[in-house]
Amino acid sequence: MKTERPRQLSTAEERRETVLRTAIGAFAARGYWGTTTTEVAKAAGISQAYVYRLFPSKEQLFTAVVEYCFVQVRASLEQGAAEAKGSSAEVVLDAMGDAYARLISDNDLMLIQLHAQAAAVSEPPVREAVRQGYARLVEYVRGASGGSEQQVQQFFALGMLCHLIVSLGVEEVDAPWTRTLSAGITHY
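Here is what the cut-offs are and how they apply
- Residues numbered from 1 in each chain as written.
- Predicted model: local features only at pLDDT ≥ 70, side-chain atom pairs only at ≥ 80, totals over all residues.
- Heavy atoms only, no water.
- Helix = DSSP H or I, 4+ residues; strand = E, 2+ residues; numbered from the N terminus.
- Contact = heavy atoms within 4.5 Å.
- Areas by Shrake-Rupley, 256 points an atom, 1.4 Å probe, with all protein chains shown as cover.
- Lys, Arg positive; Asp, Glu negative; His and termini not counted.
- Charge placed at Lys NZ, Arg CZ, Asp CG, Glu CD.
- Expected span 1.5 Å × (residues − 1).
- Bend = angle between axes of the 7 residues up to and from the residue.
- Buried < 20%, exposed > 50% of the residue type's maximum accessible area, 1.4 Å probe, protein only.
- Core = buried A, V, L, I, M, F, W, Y, C linked by side-chain atoms within 4.5 Å.
- Salt bridge = Lys/Arg side-chain N within 4 Å of Asp/Glu carboxyl O.
- Phe/Tyr/Trp six-rings, centres within 6.5 Å; stacked < 30°, edge-to-face > 60°.

**Brief notes about the overall build of the chain**
- Summing up its helical and strand segments, the chain has nine helices and zero strands in all.
- Secondary structure elements of the chain, listed N to C terminal, follow the sequence α-α-α-α-α-α-α-α-α.
- The principal-axis extent of the C-alpha atoms belonging to the chain is close to 60 × 40 × 35 Å.
- Excluding contacts between residues fewer than 6 apart, the proportion of contacts in the chain whose partners are at least 24 apart in sequence is 65%.
- Here the chain displays about 10,900 Å² of accessible surface, and carbon together with sulfur accounts for 53% of that area.
- Averaged over its 18 positive side-chain charges, the chain has a centre that lies 8 Å from the centre of its 21 negative ones.

Next up, the structure:
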C-alpha cells in the first residue's frame, strides 16, 4: 500500500534563496535599471507580491543579490587560499586569483559585480553594499595572504582587469591591444 507523504511547503528562507539565485540571472542580463521585479517573480515561479514580501523593494532585492555574490566571491577566495601550494603572499594571492578567475567564468556573477559598480554611482544603498562587500574582501585578502598594501592593491586591480577582459571577450579578438591587456592572465 502506497502512503502519501504530506506535501512540504518551502520556508520563506528557502524561497528567499530561490529568489536570490533567480534574480542573479535576471539582473546579470539586464542590470539594475533594466530588470523588473515582475521578471524576477516570473522566473522564480512566484508572484510579484511574494517577492515584495521577501524583499520590500527592488533596491533591497538588488542589494541582497550583491551581498550574496560577495559571499560567493569570499568563498572562492577562501578555497583558493586553502589550496595554495605554499604560504608566501605571492603564492596565496596567485591561488586566490586563480580561484576567482574560475568563479567569474560564470558570467552572471561577474556581470552582477559590474552592474553593481555601475549602480553604485547613483544608488546610495547599492554603493554601501558594494563598499561593505569590498571592505570585507580586502581585509580577508590582506589577512589570508599576509600581502603588503601594494600586493593587495595589485590583486584587486588585476581582478578588475579580468572583468574587463572577460566582459569584452578579448579572446575573440587577435589584436595588439588585446594581447597587451590579457598577457599573463588566465581566464576560464
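Alright, that's what it looks like, and here's the rest.
**Considerations on the side chain of Thr-22**
- Examined against the element boundaries, Thr-22 turns out to sit in helix H1 (residues 12-34).
- Apart from residues lying up to four places away in sequence, Thr-22 is in contact with Val-40, Ala-43 and Ala-44.

**Here we look at H1**
- A rise of 1.5 Å per residue sets the reference length of H1, with its 23 residues, at 33 Å; its end C-alpha atoms lie only 26 Å apart and thus fall more than 12% short of the reference.
- Of all bends in H1, the biggest is about 80°, found at Ala-28.
- When we look at burial in H1, the residues that qualify are Val-19, Leu-20, Thr-22, Ala-23, Ile-24, Ala-26, Phe-27, Ala-28, Gly-31 and Tyr-32.

**Side note on the nonpolar core**
- Formed by 55 residues in total, the largest nonpolar core has its most connected members in Leu-61, Val-65, Leu-77, Met-96 and Val-141.
- For this core, the elements supplying multiple residues, two or more each, are H1, helix H2 (37-44), helix H3 (48-54), helix H4 (58-83), helix H5 (89-103), helix H6 (107-120), helix H7 (124-145) and helix H8 (149-168).
- Take this core: its biggest share by element is eleven residues, from H4.
- Every residue in contact with Val-141, bar those within four places of it in the chain, is listed here: Leu-77, Leu-93, Met-96, Gly-146, Val-152, Phe-155 and Phe-156.

**Some remarks on the pattern of salt bridges**
- Tallied over the entire structure, the rule returns eight salt bridges.
- Linking Asp-98 and Arg-102 is a salt bridge whose minimum nitrogen-to-oxygen distance equals 3.3 Å. Taken together, the residues Asp-98 and Arg-102, both in helix H5 and four residues apart, mark about one turn of the helix.
- Residue classification places Asp-98 among the partly exposed positions, given a relative accessible area of 28%.
- A salt bridge links Glu-149 to Arg-142; the shortest N-O distance between them is 2.2 Å.
- The structure contains a network of salt bridges with shared partners spanning Glu-139, Arg-142 and Glu-149.

**Side note on the packing of aromatic side chains**
- Applying the stated rule across the entire model yields six aromatic pairs.
- Taking 4.8 Å as the distance between ring centres and 75° as the angle between the ring planes, the aromatic pair formed by Phe-27 and Phe-62 counts as edge-to-face. Separated by 35 residues along the polypeptide, Phe-27 in helix H1 and Phe-62 in helix H4 bring together distant segments of the chain.
- For Phe-62, a relative accessible area of 0% corresponds to the buried category.
- Aromatic pair Tyr-32 and Trp-33: ring centres 5.6 Å apart, planes at 80°, arrangement edge-to-face.
- A residue is classified by how much of its surface remains accessible, and Tyr-32, at 8% relative accessible area, is buried.

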